[in-house]
Each structure stands twice: as structure tokens, then as C-alpha cells.
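# Architecture and fold: a report
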Amino acid sequence: MQDFSIRDIFRGCGTAVSGVCAFSAVGNHLLPYAAGRLPENPQSVISALFPYRFPEDGRPRNLARYACVPDYHTSAGGVLEDAAAALSERFPGYSFVPFIDNSPVPEVAAAAAAGLGVIGDHGLLISPEYGSFVVIGTVVTDLVLPETGGNNNGHCGHCGACAAACPAGCIGSRSRETAISCTAAADKKIRCLSAITQRKGALTAEEIALIRKNGLVWGCDRCQEVCPHNAAAVIRPHRCFTRYQPWLDREGLDHLEGRAYGWRGRAVLERNLEIMEKTDGAV
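Residues numbered from 1 in each chain as written. Predicted model: local features only at pLDDT ≥ 70, side-chain atom pairs only at ≥ 80, totals over all residues. Heavy atoms only, no water.

So, on to the overall build of the protein chain. Along the backbone of the protein chain there are eleven helices and six strands. Burial status across the protein chain gives 52% buried among its 283 residues. Considering only residue pairs separated by 6 or more positions, the protein chain has 78% of its internal contacts joining residues 24 or more positions apart. (Helix = DSSP H or I, 4+ residues; strand = E, 2+ residues; numbered from the N terminus. Buried < 20%, exposed > 50% of the residue type's maximum accessible area, 1.4 Å probe, protein only. Contact = heavy atoms within 4.5 Å.)

Pasting the structure below:
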């Protein structure tokens, strides 16, 4: 009965895809510095998916798709806060703490354990309906909830397309394992092109060439673009993503509020735009 109440609450917030896993399924892989934000005696993790992919409309794009929509930290985060408040009202006496992106639990592993998809070779969650273009939000609670995991969460065909397409060559045999550990995932991102576009300071000539060849000033979608599961995935962005702005230019540097890349500040974005504008490889 509780499970139906949980899902009804998330549906009421416009989030049709949600599930539950036991905290013990992911509790051994926490970010140590973030664990203090958890309820005192966590028992369950509720995961919710926020698809963000918009149909291609012919406009040029120099941003990863998740950065083309309003900042998910506030847009999807607001939905999670509303759901957590509704859960607190429905189950008084229990704690419900929402997280998105900065969760102390490994979000991909939690969502997979909740039956919302499978971890692909690229380390991302693949939803049977929406593919991998989803933001994962979690709500951690001290209430014991029925688990929703099972064998109906899809599969990764291990076709090798993502590894072959990765510009930085950072998808290997251990990519799936990194999704289970927050620390390991962070280590992997050191070489990831998306992480390179976010890095402060001077870049190497190789890193500069990677950014220019990729054609994006923020992020990287290559492993997702070639994934066969995304070819037939439903393209229906969550209602919290109200607009789609696929291009960043120098004028946009004065309007970073409300964008997922705004936290990094102007300097890094300006550097990346300059890399894309120059042809001699210098910065």
C-alpha cells in the first residue's frame, strides 16, 4: 500500500517513473563528506527520473543536452522538494531528504536497484522508456518502504558503441563498476571530455583539440548519441524543463543564472568559446 502512495505522490508532481531500493543496497558506497545530510537511520532510497531530451529542431547546438534545459538542480530539484514535503505529510514522524546530483548515495546504482533501468557500459542508467537522457533524483528516508527492483529493468547489449565513440577513450571494462561508487565515478571523470570542458585553468593541447573536435563548449553526449537504446527512446521531457536553449554565445555569458553550467562561472565558458573560435590550436 505504501508503494502505491509513494508513486501516486510522484505522479502528482509530474514524475511518472519512480521506484524504491533499500538503503543497504547502496549504503556502502557513500560520499563521506555528504553523509551528514542523511536521515539519522536511513532505510530506503526513492529514485525518480526526469527525462530532459527535446526533439531536434534544426537549430545548432554547442551544449550537452542536459545543459540546454533550465538548471535541473533547481527545476527538477524543486519537484523533488515538493514530493518530499508531500511524503512528510503522508507519513508524519519520518524524514524525507531530497537530493539531486549532490546526493551522498550513488544515484545510478540506486535507480538501477529500484528497477528503473540498467547500468550501461558507459556507466549511465538506461531507462527502458527514456533511454539514458535522464536526470536522477533521490529521496532518502528513515521509513522502510517496499522495494520495487526486479528483472524488468532492461538490458545493456554490450555492443561497444559507446566505448568506440568516446572522444577521450575513458569508457572501458570498469565503466559500469564506477556507477556503483561515487568516488570511482569521480576518478573516471578526470579524463572525461565533459569534465575537461568544466575544468578551470589552462588546458593541454590535447584537451584543447578534444573540445574543438567535439564541437561543444560544455559537456559531451557522444556515448549517449550512439547508444542503440536511445534510438527508439521516448522523447518527452519532464514538465519542469520548460524551455530549450541549445546555443551559448558570448552574450549568454552575462545571463548564466538558471543554467546548469552557471555554477562554473564566466571564465571557463569564455575559454571554451575562444577555443571553438580559434583555428590555430592556441588559447
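The structure having been displayed, the exposition proceeds.
Right, let's talk about the pairing of strand E2 (residues 44–51) for a bit. Buried residues dominate E2, accounting for eight of its eight residues. Both faces of E2 are covered, namely the face carrying Ser44, Ile46, Ala48 and Phe50 and the face carrying Val45, Ser47, Leu49 and Pro51. For strand E1 (residues 18–22) and E2, the ladder comprises five bridges, and the chain directions are antiparallel. Considered in E2, the bridge of Gly19 is made with Ser47. Pairing analysis gives eight bridges linking E2 to strand E6 (residues 134–141), with the strands arranged antiparallel. If you follow Val45 over to E6, its bridge partner there is Val140. (Pairing = 2+ DSSP bridges.)

Let us look at the nonpolar core. One finds Phe10, Phe50, Leu87 and Phe241 to be the most contacted residues of the largest nonpolar core, which totals 43 residues. When contributions to this core are tallied by element, the ones reaching two or more residues are helix H1 (2–12), E2, helix H2 (75–90), strand E3 (96–100), E6 and helix H11 (266–277). Of all the elements, H2 adds the most residues to this core, at six residues. Those residues within four positions of Leu87 in sequence are excluded, and the remaining contacts are Ile6, Ile9, Phe10, Ile46, Phe96 and Val139. (Core = buried A, V, L, I, M, F, W, Y, C linked by side-chain atoms within 4.5 Å.)

Close contact between helix H8 (residues 205–214) and H11 brings their axes to 9 Å; oriented N to C, the two are set at 75°. When the axes of H8 and H11 are compared, the pair comes out roughly perpendicular. Packed against H8, whose contacting residues are Ile208, Ile211 and Arg212, the element H11 presents Asn272, Ile275 and Met276 at the interface. Of the residues contributing to the contact of H8 with H11, the split by class is four nonpolar, one polar and one charged. (Axes fitted to C-alpha atoms, helices over the stretch in contact; angles between N-to-C directions. Parallel < 35°, antiparallel > 145°, perpendicular 65-115°, else oblique. Nonpolar A, V, L, I, M, F, W, Y, C, P; charged D, E, K, R; others polar.)

A few words on unusual backbone geometry. Within the chain, Asp101 stands out as a residue other than glycine whose phi angle is a positive 75°. Relative to the helices and strands, Asp101 is located in the loop between E3 and helix H3 (107–113). Residue Asp101 is classed as partly exposed on the basis of its relative accessible area of 42%. Despite not being glycine, His158 has its phi angle at roughly 50°, a positive value. Among the secondary structure elements, His158 is positioned in the loop between E6 and helix H4 (161–165). A relative accessible area of 49% places His158 in the partly exposed class.

The next subject is empty space enclosed by the protein. A complete count under the given rule lists two cavities of 30 Å³ or more for this structure. What the largest cavity holds in volume is close to 110 Å³. As for the largest cavity, its lining consists of 15 residues, of which Cys156, Cys159, Cys162, Cys227 and Pro228 are closest to the centre. Where the lining of the largest cavity is concerned, the elements lending two or more residues are H4 and helix H10 (228–231). (1 Å grid on protein atoms, 1.4 Å probe; cavity = no way out; pocket = protein on both sides within 12 Å on 5 of 7 lines; lining within 4 Å. Points joined across faces, edges and corners; volume = space filled by probe spheres on them.)

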